Amino acid sequence: MQTWNPDVPCIRMALERDEDSFYREELGIRERLGYPPFTDLIRVTTVAEHSDRAQAGARYIADRLASHFTGDEVRGPVRLLKLRGRERWHLLLAVRDGERARAIVGQAMAQLYAPYRRRGVTLLVDVDPQSFN
């Protein structure tokens, strides 16, 4: 293993094969940052041919969801790279009460699906996403 920072805790623990310390340290970091397993993640993506439509759709959803969640639970929206010539924006919910969040997001998506579709915007929801690209 090569590194410029051999004293970084995760490098030191890997070299010492100290899996228990790594696990405890990583869990502490994840709890402080609000990452799983201490939160549930829900990713909402808007996809459209025109960036302004995808962006406006994502911002509207973020504003609408913000009334149900605290400020640090709604993250974004942010622009993603184009995929197959289509513009994409997404936002992320990181919440402690995943069941409640899924119900709220489900209700919002049911109400917005048809109006967005008429405007050429596709809505995608990913619960516990594995990637963010």
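Look above for the structure.
## Some remarks on the nonpolar core
- Counting 23 residues, the largest nonpolar core has Ile-61, Leu-65, Phe-69 and Leu-93 as its most contacted members.
- Looking at this core, the elements with two or more residues in it are β1 (40-48), α3 (51-66), β3 (86-95) and α4 (98-118).
- With sequence-adjacent residues up to four places away left out, Phe-69 is seen in contact with Val-74, Leu-93, Val-95, Arg-100, Ala-101 and Ile-104.

## Brief notes about the sheet that holds β3
- Sheet architecture is open: 4 strands sit in the order β2-β3-β1-β4, paired in antiparallel fashion. Where the open sheet ends on each side, the last strands, each with one partner, are β2 (74-83) and β4 (122-127). When strand polarity is set aside, the average angle formed by the axes of neighbouring strands in this sheet is 20°.
- The pairing of β1 with β4 spans 6 bridges and is classified as antiparallel. The partner of Val-47 across the bridge, within β4, is Thr-122.
- Running over the sheet, α3 touches β1, β2, β3 and β4 and is turned about 15° from β3.

About the cut-offs
Residues numbered from 1 in each chain as written. Predicted model: local features only at pLDDT ≥ 70, side-chain atom pairs only at ≥ 80, totals over all residues. Heavy atoms only, no water. Core = buried A, V, L, I, M, F, W, Y, C linked by side-chain atoms within 4.5 Å. Buried < 20%, exposed > 50% of the residue type's maximum accessible area, 1.4 Å probe, protein only. Helix = DSSP H or I, 4+ residues; strand = E, 2+ residues; numbered from the N terminus. Contact = heavy atoms within 4.5 Å. Pairing = 2+ DSSP bridges. Axes fitted to C-alpha atoms, helices over the stretch in contact; angles between N-to-C directions.

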